[in-house]
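One letter stands for each residue in the lines below.
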Amino acid sequence: MASKTSSPVVINGSYGEGGSALVRTALQMSCLTQQPVRIETVRGATRKPGLTSEDLTVLKGLQQIVDADTEGDKVNAVVVEFAPRHRPHPRHLALRIADHEEGQVPGNALVVATSVAPILARSGGLSSVAVVGETYNTNALTYDYFERVTLAAWRRQGLYASSTQPMAGFGFAAQGEVCLEIEPSMTHPLRWTDRGSLLAVHALFAYSGLGAPIIERGLDHAGRLAKSAGIELETETIPVESRSSGVHLTLWASYQNAVGGATIMGARGVRIETLVQTGFDRLMEWMQTPATVDSFVVDQMLLPAICAEGSTKIKTSEVTRRLKTMLWVAKQFMPIHLTLRGEEGQPGELTIHKDEA
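Analysis parameters
Residues numbered from 1 in each chain as written. Predicted model: local features only at pLDDT ≥ 70, side-chain atom pairs only at ≥ 80, totals over all residues. Heavy atoms only, no water. Helix = DSSP H or I, 4+ residues; strand = E, 2+ residues; numbered from the N terminus. Rg over C-alpha atoms; globule rule 2.2 N^0.38 Å. Buried < 20%, exposed > 50% of the residue type's maximum accessible area, 1.4 Å probe, protein only. Contact = heavy atoms within 4.5 Å. Areas by Shrake-Rupley, 256 points an atom, 1.4 Å probe, with all protein chains shown as cover. Lys, Arg positive; Asp, Glu negative; His and termini not counted. Charge placed at Lys NZ, Arg CZ, Asp CG, Glu CD. Phe/Tyr/Trp six-rings, centres within 6.5 Å; stacked < 30°, edge-to-face > 60°. Lys NZ or Arg CZ within 6 Å of the ring centre and 35° of its normal. Pairing = 2+ DSSP bridges. Axes fitted to C-alpha atoms, helices over the stretch in contact; angles between N-to-C directions. Salt bridge = Lys/Arg side-chain N within 4 Å of Asp/Glu carboxyl O.

A.B. asks: Can you help me understand the overall build of the protein chain in this one?
C.D. replies: On a plain count of helices and strands, the protein chain comes out with eight helices and 16 strands. On C-alpha atoms alone, the protein chain measures out to a radius of gyration of 20 Å, which is about the 21 Å that the 2.2 N^0.38 rule sets for 357 residues. Taken along its principal axes, the extent of the C-alpha atoms in the protein chain is 65 × 45 × 40 Å. A buried classification covers 55% of the 357 residues belonging to the protein chain. Once local pairs closer than 6 in sequence are excluded, the contacts in the protein chain between residues at least 24 apart make up 74%. Carbon and sulfur atoms form 47% of the exposed surface of the protein chain, whose accessible area is close to 15200 Å². Considering the protein chain, the positive charge centre built from 33 side chains and the negative charge centre built from 37 side chains are found 3 Å apart.

So, in structure tokens, the structure goes:
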């Protein structure tokens, strides 16, 4: 039963993006501000409304961190209440997305990890989380991007965490595992309005069940593309433990005041050269903009920026409906000035500034 000590912040779950990003942001902001929240019409803008197993795993993890009282904490629930009882405590969490549903259960382990880690960072002690679920998939946050891009951005914000991947999970409903250790951290603002000098460009192949000649072909093609573009490319290959075969390519560029990248997953019948070409084109598309972050890492930097004292300013390569929705949710919980310049689908600039207490 949710706490009745104060009226909950009521969130329309069909607003904007109207999906899981809204749910996660509302739960995170509830933990940060210690305000109960009631989310109605959960995931109401999606083809399948109601809590997913991934959403529920995030909720269960955050529930343990703040000892929350809950209602509607079940798969397919369309109304959810979440009421923190305490400020974040250090915790050592073990979370499995598939625990909440029978059969093949889709869900991204990195989404769960990135949802709970910023809250654990404010707990005042060393914490950890292990999550079982997908770690590589199409159009999703993936392990290598998280380890090389997200964690790098968080460190620049003052949030310190380290990660390992004991088991990779390629594709739908895969059972990979990601482990994080999160240090107690106080985040600080960033002013990333100019990239500064290019430091390095990287390409990383993670693979399982594929022969070395295939990966060598991918490396050779990446090298040719980089040479043609006048880029010095640092390459890395990592054979990973997995219950199924797969290959995933992560490319990213690091600047003095910027980081961003591209990811692409291999598919049956797709040549490795085609995979590399597509990924490289996506990276070059980001590098040719003035943005200091890409349209995905800006989401993961949002909560640490909100927690920081002072103003954060960053340039994103694309204003997404997802980002606009997350900003709207944050404003329902606290007096925070958010300025997002740019049209949806176009480059934009985000400024975050909290009122002084």
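A.B. asks: Just to check I follow, could you spell out unusual backbone geometry for this structure?
C.D. replies: Residues apart from glycine generally show negative phi values, whereas peptide bonds are mostly found in trans. A positive phi angle is found at D67, which is not glycine, with a value near 50°. Counting through the fold element by element, D67 comes out in the loop between α2 (53-66) and β3 (69-71). A positive phi is found at N139, a non-glycine position, where the angle reads about 55°. As for its placement among the helices and strands, N139 is situated in the loop between β6 (127-133) and α4 (143-157). The exposure class of N139 is exposed, given its relative accessible area of 78%.

A.B. asks: Help me out: how do you make sense of the packing of aromatic side chains in this one?
C.D. replies: For the structure on display, the rule yields four aromatic pairs. Measuring from ring centre to ring centre gives 6.0 Å for Y255 and W286, while their planes differ by 65°; the resulting arrangement is edge-to-face. In this pair, Y255 is assigned in strand β12 (residues 246-255) and W286 in helix α6 (residues 272-287), connecting sequence segments 31 residues apart. As far as the burial class goes, Y255 and W286 line up, both buried. The ring centre of Y255 lies 4.8 Å from the NZ or CZ of R195, which sits over that ring. A cation sits over an aromatic face here: R195 above W286, 4.3 Å from the ring centre.

A.B. asks: Help me understand the sheet that holds β3, please; the structure alone is not making it clear to me.
C.D. replies: Think of a sheet as strands paired side by side through backbone hydrogen bonds, with each pair either parallel or antiparallel. Strands sit in the order β1-β2-β4-β3 across an open sheet of four strands; the sheet is mixed. Of all strands in the sheet, those bounded by a partner on one side alone are β1 (9-12) and β3. Here the strands of the sheet are splayed against their neighbours by 15° on average, with no regard to which way each runs. Summarising the sheet, β1 and strand β2 (residues 37-40) pair through four bridges and their orientation is parallel. Counted as the bridge partner of V9 is V37 from β2. Helix-sheet contacts for α2 involve β3 and β4 (79-83), and the interaxial angle to β4 is about 20°.

A.B. asks: Would you take a moment to explain the pattern of salt bridges for this structure?
C.D. replies: Pairs can form between side chains of opposite charge whenever their charged atoms are close. If you walk through the whole model with that rule in mind, you get 15 salt bridges. For R38, the salt bridge goes to E40, with nearest N and O atoms at 2.7 Å. On the basis of relative accessible area, R38 is assigned to the partly exposed category, the value being 25%. Between R43 and D55 there is a salt bridge, with the nearest N and O atoms lying 3.8 Å from each other. Taken as a pair, R43 in the loop between β2 and α2 and D55 in helix α2 lie far apart in primary sequence, twelve residues in all. The pair R43 / D55 is uniform in exposure class, with both members buried. One network of salt bridges, with partners in common, ties together R38, E40 and E81.

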